[in-house]
Amino acid sequence: MKTKTKKFIKTEMKQLTELPGHVLFNDALNKAISHAKRHRKIFAVLLIDFYTLQDVHLPIENNVLNKIETLLTSTLRTEDLLAHFEDGEFILLLTDIKKPKFASIVAEKLLQACETSMKDFSLAMSMGISIYPDDGLSLEDILKNADATLYKAKQAGGNQYQFHTPEMDVEAREFIKLENDLKNAIPNNQLILYYQPKLHIKKGNIAGIEALLRWAHPTLGILNPAEFISIAEDTGLILQLGEWVLREACKTNKYWQNEGYEHFTVALNLSPKQFQHPDIAKKIAAILKETELNPQYLELEIGESTVMSDVEFAKNQLEAIKSIGVQLSIDHFGAGYTSISHLKQFPISTIKIDQNYIKGVPNNPDDSAITNAFIGLAHHLGLQVVAEGVETVEQVQYLTTQNCDMIQGYFISHPLPAEKIVMQFKKLMDRALF
Ligand code: C2E
Ligand code: MG
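Calculation rules
Residues numbered from 1 in each chain as written. Chains lettered and ligands numbered in written order. Predicted model: local features only at pLDDT ≥ 70, side-chain atom pairs only at ≥ 80, totals over all residues. Heavy atoms only, no water. Helix = DSSP H or I, 4+ residues; strand = E, 2+ residues; numbered from the N terminus. Buried < 20%, exposed > 50% of the residue type's maximum accessible area, 1.4 Å probe, protein only. Contact = heavy atoms within 4.5 Å. Areas by Shrake-Rupley, 256 points an atom, 1.4 Å probe, with all protein chains shown as cover. Lys, Arg positive; Asp, Glu negative; His and termini not counted. Charge placed at Lys NZ, Arg CZ, Asp CG, Glu CD. Donors = N, O, S within 2.8 Å, 3.2 Å for Na, K, Ca; no water. Near = heavy atom within 4 Å. Polar contact = N/O pair within 3.5 Å; in protein donor to acceptor, adjacent residues only side chain to side chain. 1 Å grid on protein atoms, 1.4 Å probe; cavity = no way out; pocket = protein on both sides within 12 Å on 5 of 7 lines; lining within 4 Å. Sits in = over half its atoms within 2 Å of the grid points. Points joined across faces, edges and corners; volume = space filled by probe spheres on them. Nonpolar A, V, L, I, M, F, W, Y, C, P; charged D, E, K, R; others polar. Salt bridge = Lys/Arg side-chain N within 4 Å of Asp/Glu carboxyl O. Axes fitted to C-alpha atoms, helices over the stretch in contact; angles between N-to-C directions. Parallel < 35°, antiparallel > 145°, perpendicular 65-115°, else oblique. Left-handed = near helix turned anticlockwise from the far one by under 90°. Pairing = 2+ DSSP bridges. pLDDT = per-residue confidence, 0-100. Core = buried A, V, L, I, M, F, W, Y, C linked by side-chain atoms within 4.5 Å. Domains from an automatic or database assignment.

**Overview of the overall build of the protein chain**
Then, number 1: When helices and strands are counted, the protein chain shows 17 helices and 15 strands.
Then, number 2: For the protein chain, the spread of C-alpha atoms along the three principal axes comes to 80 × 45 × 35 Å.
Then, number 3: In the protein chain, which comprises 434 residues, the share counted as buried stands at 52%.
Then, number 4: Considering only contacts in the protein chain between residues 6 or more positions apart, those separated by 24 or more positions represent 70%.
Then, number 5: In the form shown here, the protein chain has an accessible surface area of approximately 20,400 Å², with 52% of it arising from carbon and sulfur atoms.
Then, number 6: For the protein chain, the distance from the average site of its 44 positive side-chain charges to the average site of its 54 negative ones is 1 Å.

Put into structure tokens, the structure is as follows:
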């Protein structure tokens, strides 16, 4: 194996492309190390090698190198630093990535962008990925490990990327596979909504139904949101998924109303990216019009952490959505840090107490005290309270004595597909709680 670490830190070379060379790259890498160390961030270095298929040592012609450079730079974001080392060797610094596996999204994009040109010029391309801090804390270690990994990728047949840490490699490949599958989930009709009712404690009737997304994956079976929502959020696919959920939930609720069931709200969860989208209010209004559902029968649940990340923005966005005439609630209340003064300014009607507190009710005195305080506070502000994750009769009894308004959880019903939940409607309407 040829080792190139020494070569990486040399200071002179003749530049064949417009890109920065060793000196600038190493300077940027050192800065990235200091920044990541201070702010506990991670970053990735991708060592990318293009080589002629017939003979790996054959130099690549200048005009081909320039074409590669254009392809790479047009595929990357302006904040990514791409440098050219020598011959067909490029190096890329991706700063502030949230998780190592996100480097694989970029690696996949580069492979795809270069695919045709590589065929035309009989070239191959391999990438070795080194992650700070897992694969090295110093410039030398990061580069040495990227180089060793590049060598492994070449040995494994080329036209691929590898991570230095084998576990990261497995995780990244699963992530990319799931992401690709998720892109086809809507066209292949693999998304399903499950519905879980909320009950009024005092009246004992259905107060509303929450729509919860499931993905019927062709080989992995029914997947819960925990297994794919973060991928959708990170890749931006959530906007398409969210629109599908919105349309499907409104359509279903309208259908139930047409079938003669008692009218209630259907609630759905808005992800942070959806909530932050400038056109979200317009989109909701358009889908309500299209499905002919009266806005008062739609409720949107927004996570506490989503509204608290930028309070001024959240207030405006909530007001824009509220003006359509829909209901708004704060989900996972208590899981983060909602400032009470802000809660007062939001045009919301309900808070849903995070199920982690309800779990401890009534046996854990702290959880019970916090739950009571939340109920008192919400009522003081004129808001309704839903307790989430209610599983036992003791919890229902306790929450009743504390004047909680609504309950949701396995005690009432697990989330079920539309055709199964309708069978519960009649039972639930007539049900005595305990
Ligand atoms: P959430 O909005 O807090 O939904 C409640 C979660 O608790 C659901 O998990 C539900 O199945 C579960 N649950 C309900 N009752 C009980 C109970 O008695 N005990 C326990 N242990 N769990 C209970 P699920 O369906 O896996 O959803 C998880 C989260 O994924 C949701 O939390 C929501 O934040 C998110 N999510 C679900 N559907 C969507 C969607 O369409 N879009 C977006 N952006 N997020 C969604
Ligand atoms: Mg929810």
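**Quick look at the coordination of the magnesium ion (ligand 2)**
Then, number 1: Only Glu210 (OE), Asn269 (OD1), Glu301 (OE) and Asp331 (OD) from the protein coordinate the magnesium ion (ligand 2), and they sit 2.0 to 2.3 Å from it.
Then, number 2: Mapped onto the sequence, the donors of the magnesium ion (ligand 2) take the spacing E-x58-N-x31-E-x29-D. A residue pair is termed long-range when its members are at least 10 positions apart, and Asn269 in strand 9 (residues 265–270) and Asp331 in strand 11 (residues 327–333) qualify at 62 residues.
Then, number 3: Overall, the relative accessible area of 31% leaves Asn269 in the partly exposed class.
Then, number 4: We classify Asp331 as buried; its relative accessible area is 3%.

**Observations regarding the site of ligand 1**
Then, number 1: Around ligand 1, 21 residues are found, and the nearest of them are Asn269, His332, Gln355, Glu391 and Tyr410.
Then, number 2: Take Glu210: an N or O atom from its side chain is 3.0 Å from an oxygen atom of ligand 1.
Then, number 3: One of the side-chain nitrogen or oxygen atoms of Glu388 is found 3.2 Å away from an oxygen atom of ligand 1.
Then, number 4: For ligand 1, whose unbound accessible area comes to 800 Å², protein coverage reaches 82%.
Then, number 5: More than half of the atoms belonging to ligand 1 lie within 2 Å of the grid points that define the largest pocket.
Then, number 6: Listing elements by their share of the shell around ligand 1, those giving two or more residues are strand 7 (206–217) and strand 11.
Then, number 7: Among the elements that line the shell around ligand 1, the one with the most residues is strand 7, at 4 residues.

**Comments concerning the layout of surface pockets**
Then, number 1: Of the pockets and cavities examined, the largest pocket occupies roughly 1,100 Å³.
Then, number 2: Those elements giving two or more residues to the lining of the largest pocket turn out to be strand 7, helix 7 (229–235), helix 8 (238–258), strand 9, helix 9 (272–276), strand 10 (298–303), helix 11 (304–308) and strand 11.
Then, number 3: With 5 residues, the top contributor of residues to the lining of the largest pocket is strand 7.
Then, number 4: Per-class residue counts for the lining of the largest pocket are 15 nonpolar, 15 polar and 8 charged.
Then, number 5: Lining of the second largest pocket is provided by 24 residues; of these, Phe102, Ile105, Val106, Lys109 and Asp234 occupy positions nearest its centre.

**Side note on the pattern of salt bridges**
Then, number 1: Overall, the coordinates contain 19 salt bridges when judged by the stated rule.
Then, number 2: The closest approach of N and O atoms between Glu79 and Arg77, which form a salt bridge, is 3.7 Å.
Then, number 3: Bridged by salt links that share partners, the residues Glu210, Glu301, Lys352 and Glu388 form one connected network.

**Comments concerning the packing of helix 2 (residues 22–39) against helix 5 (residues 139–155)**
Then, number 1: It is at 10 Å that the axes of helix 2 and helix 5 come closest, and there the two elements cross at 115°. The angle between the axes of helix 2 and helix 5 places the two elements in the roughly perpendicular class. Here helix 2 and helix 5 pass one another in a crossing that is right-handed. In this structure, helix 2 contributes Phe25, Asn26, Leu29, Asn30 and Ile33 to the contact, and helix 5 contributes Leu139, Ile142 and Leu143.
Then, number 2: Of the residues assigned to the contact of helix 2 with helix 5, the class counts are 6 nonpolar, 2 polar and no charged.

**Examining the sheet that holds strand 1 (residues 42–52)**
Adjacent strands of a sheet pair through backbone hydrogen bonds, lying either parallel or antiparallel.
Then, number 1: With respect to topology, 5 strands assemble into an open sheet ordered 2-3-1-4-5, the strand pairing being mixed. Two strands in the sheet have a free side with no partner beyond their single neighbour: strand 2 (81–86) and strand 5 (160–163). Strand-to-strand, the axes of this sheet are offset by a mean angle of 20°, without reference to chain direction.
Then, number 2: The pairing of strand 1 with strand 4 (residues 123–132) spans 10 bridges and is antiparallel. If you follow Ile48 over to strand 4, its bridge partner there is Met127.

**Comments concerning the pairing of strand 2**
Every regular strand shows the same layout, with side chains that alternate between the two sheet faces.
Then, number 1: Sheet topology places strand 2 next to strand 3 (residues 89–97); 5 bridges connect them, and they run antiparallel. Each residue of the ladder has a partner; that of Ala83, found in strand 3, is Ile91.
Then, number 2: The antiparallel hairpin formed by strand 2 and strand 3 contains 2 residues in its connecting segment, where Asp87 sits at a positive phi of about 45°.

**Focus on the confidence of the model for the protein chain**
Do not read the fine detail of predicted coordinates wherever pLDDT is low.
Then, number 1: Per-chain confidence: the protein chain averages 91 in pLDDT, with 94% of residues scoring 70 or above.
Then, number 2: This stretch, residues 9–14, has a pLDDT under 50; its non-local contacts, to residues over four places away or in other chains, come to 11 contacts.

**Focus on the nonpolar core**
Then, number 1: With 113 residues, the main nonpolar core has Leu46, Ile48, Phe50, Leu298 and Ile321 as its most contacted residues.
Then, number 2: The element that contributes the greatest number of residues to this core is helix 4 (residues 102–120), accounting for 8 residues.
Then, number 3: Residue assignment places this core across two domains, with domain 1 (5–178) and domain 2 (188–430) each supplying three or more.
Then, number 4: Setting aside chain neighbours within four positions, we find Ile321 in contact with Leu270, Phe275, Ile280, Ala281, Ile284, Leu300, Val326 and Leu328.
Then, number 5: Within the second largest apolar cluster, 18 residues are counted, among which are Phe43, Val45, Ala83 and Leu150.

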